[in-house]
Amino acid sequence: MINSALPDGIKTPINICWLRRDLRLNDNRALYHALKSSFPVLPVFIFDTHILNHLSDKKDRRVAFIHQTLEQINAVLTEYGTSLLVLHDEPLHAFEKICSAFDVREVFASHDYEPYAIKRDAGIKQFLFQKNVPFHTYKDQVIFERSEVMKSDGTPYTIFTPYSKKWKQKYAEQKSIIYQSNKYAHQFVKTKPLAIPSLKEIGFQKVNIHIPVLNIQESTIATYHKTRDIPSVNGTSFAGIHLRFGTVGIRQLVQLASRVSEQWLNELIWREFFMMILFHFPYVVQRSFKKKYDHIQWRNNEAEFELWCKGKTGYALVDAGMRQLNATGWMHNRVRMIAAGFLTKHLLIDWRWGEAYFAEKLIDYELASNNGNWQWSAGSGCDAAPYFRIFNPAAQAQKFDPQLAYIKTWIKDFKPGYLPPIVAHEFARKRALEVYKKSVKEI
């Protein structure tokens, strides 16, 4: 419902800036254009009940992070003499109430690319159109979106390397811009501070969250190619959650990456590549990108899946990663790949099971990247490598955590043979190759 503390003195026309996955006040393109428009701007955030009602864990770290971020934004807005209006409702119902309460002239927002978001925004646009209220949306969470990086024949890329080359070529040809939204802070609606609904009021509970601090010091990024695969060191940027919710702008990160680290830039481009894949091939949400892999004869042993979820497979690096995920909502990128590959190849459990578990636990969960990386691990995605890439978890541990620093951090009672391996590597590798080969060949 609309906050009872709604400003009652706003009788003049206003514009709305609807914050979604762009939770910051500077270098926010939609907010920048809203503030440069003809009317005062009221920023709005909607806790979408359509999304929240599907979250079974009422101590969800992501909801807590969003709530914490909104309070921080509101504190800054208060200094500007304005406030953030936070609603808890379905977006269409929320806008019906907003348009009833205020003389809304225009609405500004950033593009979103996930299937639900596209459908949601189409409904809002239609509703606003009927009220003669323009709905302006802007590219903000990516450098290139949808069909901006395409093959010469106009079709989408399905292999990363040629996509990344074209992406870099286009980026080099354009002018890099940072949108200085804070220069126009005087354009915010003047109002008293508005109360943000508590976590309890939106159906959630307080939870202690440890959000990795964004680590974009040049020294870290410059050595990223050397440290990114070592889970025991602070060698990654932790940009995932901040990009997911827009607490940092992609333009700032790409400018830094272009200057300091080609390897880190490639990781940022992977994110946009998977978003492009999701946009052009939305069936990947439920099906394999390479459709023949939908016929894999998965074992789907529920007891083994439960052991994988709890970090009790007997493979130390896999178990350490899963325990880190369960305890913090985050897992090192190299370890994610190893854990995902183990589930799909060693245990022959459907990648959708693992993807769903990560979607529930990860604080930096993003549909496009989560889906793309899980399908990469399963061999069913848009990757040139064949299905017989099967990592040996023990060898990976020896290579990337030789001193057992990471493993001992998350497996407190670790000692060799702490648990019997759930399956022998060579047996599992041979079984996976046979199942994949047979399933793909029979199509």
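Data block above holds the structure.
In short, a report on the structure.

Reading guide: rules and limits
Residues numbered from 1 in each chain as written. Predicted model: local features only at pLDDT ≥ 70, side-chain atom pairs only at ≥ 80, totals over all residues. Heavy atoms only, no water. Helix = DSSP H or I, 4+ residues; strand = E, 2+ residues; numbered from the N terminus. Rg over C-alpha atoms; globule rule 2.2 N^0.38 Å. Buried < 20%, exposed > 50% of the residue type's maximum accessible area, 1.4 Å probe, protein only. Areas by Shrake-Rupley, 256 points an atom, 1.4 Å probe, with all protein chains shown as cover. Lys, Arg positive; Asp, Glu negative; His and termini not counted. Charge placed at Lys NZ, Arg CZ, Asp CG, Glu CD. Pairing = 2+ DSSP bridges. Axes fitted to C-alpha atoms, helices over the stretch in contact; angles between N-to-C directions. Contact = heavy atoms within 4.5 Å. Polar contact = N/O pair within 3.5 Å; in protein donor to acceptor, adjacent residues only side chain to side chain. 1 Å grid on protein atoms, 1.4 Å probe; cavity = no way out; pocket = protein on both sides within 12 Å on 5 of 7 lines; lining within 4 Å. Points joined across faces, edges and corners; volume = space filled by probe spheres on them. Nonpolar A, V, L, I, M, F, W, Y, C, P; charged D, E, K, R; others polar. Phe/Tyr/Trp six-rings, centres within 6.5 Å; stacked < 30°, edge-to-face > 60°. Right-handed = clockwise from strand over helix to strand, strands pointing away. Core = buried A, V, L, I, M, F, W, Y, C linked by side-chain atoms within 4.5 Å. Salt bridge = Lys/Arg side-chain N within 4 Å of Asp/Glu carboxyl O.

1. Looking at the overall build of the protein
Counting its secondary structure elements, the protein contains 19 helices and five strands. Relative to the globule expectation of 22 Å for 443 residues, the C-alpha radius of gyration of the protein, 23 Å, shows essentially globular dimensions. By principal-axis analysis of the C-alpha atoms, the protein measures approximately 70 × 50 × 45 Å. Scored against the burial criterion, the 443 residues of the protein give a buried share of 56%. In the form shown here, the protein has an accessible surface area of approximately 20000 Å², with 52% of it arising from carbon and sulfur atoms. If the 59 positive side-chain charges of the protein are averaged to one point and the 43 negative ones to another, these points end up 3 Å apart.

2. Topic: the sheet that holds strand β3 (residues 85-89)
The strand order across the open sheet built from five strands is β3-β2-β1-β4-β5, with neighbouring strands paired in parallel fashion. The sheet is open, and its two edges are formed by β3 and β5 (135-138), each paired on a single side. Within this sheet the neighbouring strands show an average axis-to-axis angle of 25°, counted without direction. As paired strands, strand β1 (residues 14-19) and strand β4 (residues 104-110) are joined by five bridges and run parallel to one another. Of the residues in β4, the one forming a bridge with C17 is F108. Lying on the sheet, helix α3 (residues 61-79) is in contact with β2 (41-48) and β3; it crosses β2 at an angle near 165°.

3. Some remarks on the environment of H136
Looking at where H136 falls in the secondary structure, it is placed in strand β5. The partly exposed category is assigned to H136, whose relative accessible area is 25%. Sequence separation of H136 and F342 is 206 residues, and the distance between their C-alpha atoms is 45 Å. Look past the residues within four positions of H136 in its chain and what remains in contact with it is E106, V107, F108 and A109. A polar atom in the side chain of H136 sits 2.7 Å from the side chain of E106.

4. A look at the pairing of β1
For β1, the buried fraction is high: six of the six residues fall into the buried class. Residues of β1 alternate between two faces, with I14, I16 and W18 on one and N15, C17 and L19 on the opposite face, all of them buried. Bridge count between β1 and β2: five bridges; the pairing is parallel. Bridge pairing in β2 links I16 to L42.

5. With respect to the environment of H295
Looking at the secondary structure, you find H295 in the loop between α11 (262-280) and α12 (302-310). Taking the C-alpha atoms as reference, H295 lies 13 Å from G379; in sequence the two are 84 residues apart.

6. Things to note about the layout of surface pockets
To locate leftover empty space, one rolls a probe as large as a water molecule over the atoms. By volume, the largest pocket is sized at about 1200 Å³. Along its surface, the largest pocket is lined by 37 residues, and I51, L55, E114, R244 and Y365 are the ones closest to its centre. With five residues, helix α15 (residues 351-361) is the single largest residue contributor to the lining of the largest pocket. Grouping the amino acids of the lining of the largest pocket by side-chain chemistry returns 20 nonpolar, four polar and 13 charged. By volume, the second largest pocket amounts to about 1000 Å³. In terms of lining residues, the second largest pocket is bounded by 35 residues, among which Y224, E267, W270, N333 and N373 are the most central. Tallying contributions element by element places α11 first for the lining of the second largest pocket, with eight residues.

7. Observations regarding α15
Side chains that are three or four residues apart share a direction in an α-helix, a result of its 3.6 residues per turn. Those residues of α15 that sit buried are W351, G354, E355, Y357, F358 and A359. Among the structural elements, α3, α12, α13 (316-328), α14 (333-346) and α16 (367-378) are those in contact with the buried residues of α15.

8. Structural notes on the packing of aromatic side chains
One pass over the full model with this rule turns up 31 aromatic pairs. Ring centres 5.1 Å apart and planes at 55° place the aromatic pair Y315 and F342 in the tilted group. With Y315 in the loop between α12 and α13 and F342 in helix α14, the pair connects residues that are 27 residues apart, well separated along the chain. Neither residue differs from the other here; Y315 and F342 are each classed as buried. In textbook terms, an aromatic cluster arises when at least three aromatic residues are bridged by ring pairs, as seen for Y157, F160, Y163, W270, F273 and F274.

9. Quick word on the pairing of β5
Taken together, the four bridges between β4 and β5 define a ladder with parallel strand orientation. Each residue of the ladder has a partner; that of S110, found in β5, is Y138. Considered for its hand, the β-α-β crossover made up of β4, helix α5 (residues 115-130) and β5 is right-handed.

10. Topic: the nonpolar core
Grouped together as the largest cluster of nonpolar side chains are 81 residues, with contacts concentrated most on W167, W264, W308, M322 and F358. The greatest single-element share of this core, amounting to 10 residues, is contributed by α11. Residues in contact with W264, not counting those within four places in the same chain, are I216, I221, Y224, S237, A239, L253, L256 and A257. Counting 34 residues, the second-largest nonpolar core is a separate cluster that includes I66, L77, F108 and F238.

11. Description of the pattern of salt bridges
Evaluation of the coordinates by the stated rule reveals 24 salt bridges. Of the charged contacts in the structure, one is a salt bridge between R287 and D294, with a shortest N-O distance of 3.1 Å. For D294, a relative accessible area of 26% gives the class partly exposed. One salt bridge in this structure joins R299 and E304, with 2.8 Å as the shortest N-O distance. By relative accessible area, R299 is classed as partly exposed at 31%. Given a relative accessible area of 15%, E304 falls into the buried group. Within the structure, one salt-bridge network assembled from shared partners comprises R20, R21, D112, E114, R120, D121, R271 and E366.

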